[in-house]
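Summary of the model geometry
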Amino acid sequence: MENKEEIVRRLKEVLIITRAGENILDVALSKNQEKVTIWYRNGHFKTVNIEADSGVAIIQDVARSLY
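Residues numbered from 1 in each chain as written. Predicted model: local features only at pLDDT ≥ 70, side-chain atom pairs only at ≥ 80, totals over all residues. Heavy atoms only, no water.

**Things to note about the environment of Val27**
Among the secondary structure elements, Val27 is positioned in strand β1 (residues 24-29). Take Val27: its relative accessible area is 7%, and that puts it in the buried class. Taking the C-alpha atoms as reference points, Val27 and Ile58, separated by 31 residues in sequence, lie 12 Å from one another. Discounting chain neighbours no more than four positions away, the residues touching Val27 are Val8, Lys12, Val36, Thr37 and Ile38. (Helix = DSSP H or I, 4+ residues; strand = E, 2+ residues; numbered from the N terminus. Buried < 20%, exposed > 50% of the residue type's maximum accessible area, 1.4 Å probe, protein only. Contact = heavy atoms within 4.5 Å.)

**Remarks on the side chain of Ser65**
Along the polypeptide, Ser65 turns up in the segment after α2 (55-64). Setting aside residues up to four positions removed in sequence, Ser65 forms contacts with Ile38, Lys46 and Val48.

**Points about a nonpolar patch on the surface**
Together, Leu25, Trp39 and Phe45 make up an exposed nonpolar region whose accessible area comes to about 320 Å². Among the structural elements, Leu25 can be located in strand β1. (Patch = residues over 30% accessible without salt bridge, like charges linked within 9 Å, V, L, I, M, F, W, Y side chains within 5 Å. Areas by Shrake-Rupley, 256 points an atom, 1.4 Å probe, with all protein chains shown as cover. Salt bridge = Lys/Arg side-chain N within 4 Å of Asp/Glu carboxyl O.)

**Quick notes on the nonpolar core**
Within the largest apolar cluster, 15 residues are counted, with the highest numbers of intra-cluster contacts made by Ile24, Val36, Ile38 and Val62. Listing elements by their share of this core, those giving two or more residues are α1 (4-16), β1, β2 (35-40) and α2. The leading source of residues in this core is α1, at four residues. Leave out the neighbours within four places in its chain, and Ile38 touches Ile24, Asp26, Val27, His44, Phe45, Lys46, Val48, Val62, Ser65 and Leu66. (Core = buried A, V, L, I, M, F, W, Y, C linked by side-chain atoms within 4.5 Å.)

**So, α1**
End to end, α1 covers 18 Å across 13 residues, agreeing with the expected 18 Å (1.5 Å per residue, within 8%). With a side-chain oxygen positioned 3.2 Å from the backbone nitrogen of Glu5, the residue opening α1 is Asn3. (Expected span 1.5 Å × (residues − 1). Polar contact = N/O pair within 3.5 Å; in protein donor to acceptor, adjacent residues only side chain to side chain.)

**Topic: the sheet that holds β2**
The strand order across the open sheet formed by three strands is β1-β2-β3, and the pairing between neighbours is antiparallel. Edge positions in the sheet fall to β1 and β3 (45-49), since each has one partner strand and no second. Within the sheet, the average angular offset between the axes of one strand and its neighbour, ignoring direction, is 15°. In the sheet, β1 pairs with β2 via five bridges, with the strands oriented antiparallel. Bridge pairing links Val27 to Ile38 in β2. On the sheet, α1 packs against β1 and β2 and is oriented at approximately 170° with respect to β1. (Pairing = 2+ DSSP bridges. Axes fitted to C-alpha atoms, helices over the stretch in contact; angles between N-to-C directions.)

Shown next, in the form of structure tokens:
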């Protein structure tokens, strides 16, 4: 089984250094590991469902949610 916590932690680091993610304040995995929440500096947030996702699918779904 893939380590969703590690994937989300590293993805956060990568997203923040991109133009699309420059306004990201934080990215966090829910306790049940079914959702990723992206908090922005302006106070808004998005929740991405990653319930049945593989590691690569997590990356794709979270990146797709930025647009």
